[in-house]
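Examining the three-dimensional arrangement
These are the residues of each chain, in order.
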Amino acid sequence: MNELETITGFNSWLMISVMFLKLPKLQVLEGSICDEESLSMIVDHILNHQDQFQNVELLIVCDINMDSEDGSTLLRRLVMCESLSILRIMGRLSKLPAYEAQLYRNVTILWLMNTKIEEDPMKILEKLPMLRTLSLGTNAYMGIEMVCGATGFPQLKGLTLDKLPNLVEWRVEEGAMPNLSNLYISRCNKLEMIPEGLKFITTLKQLVIGGMPAEFKKRVNDEEGEDYHKIKHIPFIDFYEYQEFDED
């Protein structure tokens, strides 16, 4: 075991994290964290062995109390890990650690779901220097307005907005997301229109719209639509409907 360099697919409910954190040659770590205690233990170990780890991919499925000093410090220390490349969070978060140059340094993929963030996350996320894929899934953001600034998301290639229940207005300033190629918008039922700023993103190759209200689709799905001029440069535009199932 002392020669082991890679661990993938671990789950903190099923494995005792402290056992593999003692492995002297562990370089790659990928798995799910289901409690704050395990997350704290892993973050401490990674930060204390920065030179050892080459790549860390984590899925966090527990709530993190950002209103407490411990919770806020824990998440800030997590995004301080230079080896952290992929981060997925599926628990309540309420807010993200403010951007600083030493944080989020090598995060390339970020996926948020059920975090219920209250303030516009784009103010922080657009500053991530290496971010290439961003997904805001079910209840990731609970606000009504979202803004992508003029110099934001310099490396972003893929963006998904799915089931943001309160989002009414999304603004994209000219110069934002200069490398965006794939955009997915689905089940944001209060979103009124496509951002004007999309017309400036010449790199866009694909726009997929799913499960959106008829009025929204009408604005974009033919040349007579009010928003068609914003997306007419995109080579592939597709629409689809969601099939909702009862949990019972």
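Heads up: the structure comes first, above all this text.
Only a predicted model underlies this, so the values are computations on that prediction, with no experimental measurement involved.

Here we take up the state of the cysteines. A disulfide bridge is the covalent bond that connects two cysteines by way of their sulfur atoms. Under the criterion given, the structure shown has zero disulfides. For the unlinked cysteine C34, the closest cysteine sulfur is that of C62, found at 7.4 Å. With relative accessibility at 8%, the residue C34 sits in the buried group. Cysteine C81 shares no disulfide, and the gap to the nearest cysteine sulfur, in C62, comes to 15 Å. Overall, C81 belongs to the buried group, its relative accessible area being 3%.

For the coordinates displayed, the defined rule picks out 14 salt bridges. A salt bridge links E169 to R171, with the shortest nitrogen-to-oxygen separation between them at 3.9 Å. For E169, a relative accessible area of 35% translates into the label partly exposed. For R171, a relative accessible area of 35% gives the class partly exposed. For D227, the salt bridge is made with K230, and the minimal N-O distance between the two is 2.9 Å. Each member of the pair, D227 together with K230, is buried. Salt bridges sharing common partners tie together E196, K199, R219, E226, D227 and K230.

Under the 1.5 Å per step criterion, the end-to-end length of helix α2 (residues 36-48) is 18 Å for 13 residues, consistent within 8% with the ideal 18 Å. All buried positions along α2 are accounted for by S38, L39, I42, V43, H45, I46 and L47.

All right, on to the environment of E118 then. Mapped onto the secondary structure, E118 falls in the loop between β5 (109-112) and α4 (122-125). Looking at E118, the relative accessible area reads 53%, which means it is exposed. Linking E118 and L4, residues 114 residues apart in sequence, is a C-alpha distance of 41 Å. In contact with E118, other than residues within four places in its own chain, are R92, S94, Y141 and G143.

With respect to burial, strand β8 (residues 158-162) is a largely interior element, four of its five residues being buried. With four bridges joining them, strand β6 (residues 133-136) and β8 adopt parallel strand pairing. Directly across from S135, in β8, lies its bridge partner T160. The pairing of β8 with strand β10 (residues 182-186) spans five bridges and is classified as parallel. Across the sheet, the residue bridging to D162 is S186, located in β10.

In this fold, L103 is placed in the loop between β4 (84-89) and β5. Exposure remark for L103: the relative accessible area of 0% places this residue in the buried category. For the pair formed by L103 and G31, sequence separation is 72 residues and the distance between their alpha carbons is 21 Å. In this structure L103 touches R76, V79, M80 and A98, once residues within four positions along its chain are discounted.

So, on to the sheet that holds strand β11 (residues 206-210). Here ten strands make up an open sheet; going across it, the order is β1-β2-β3-β4-β5-β6-β8-β10-β11-β12 and the pairing parallel. On the outer flanks of this sheet lie β1 (6-11) and β12 (236-240), each paired with one strand and no other. Here the strands of the sheet are splayed against their neighbours by 5° on average, with no regard to which way each runs. Across the sheet, α2 is in contact with β1, β2 (28-33) and β3 (55-60); its angle to β2 comes to roughly 160°.

Conventions and cut-offs
Residues numbered from 1 in each chain as written. Predicted model: local features only at pLDDT ≥ 70, side-chain atom pairs only at ≥ 80, totals over all residues. Heavy atoms only, no water. Disulfide = S-S within 2.5 Å. Buried < 20%, exposed > 50% of the residue type's maximum accessible area, 1.4 Å probe, protein only. Salt bridge = Lys/Arg side-chain N within 4 Å of Asp/Glu carboxyl O. Helix = DSSP H or I, 4+ residues; strand = E, 2+ residues; numbered from the N terminus. Expected span 1.5 Å × (residues − 1). Contact = heavy atoms within 4.5 Å. Pairing = 2+ DSSP bridges. Axes fitted to C-alpha atoms, helices over the stretch in contact; angles between N-to-C directions.

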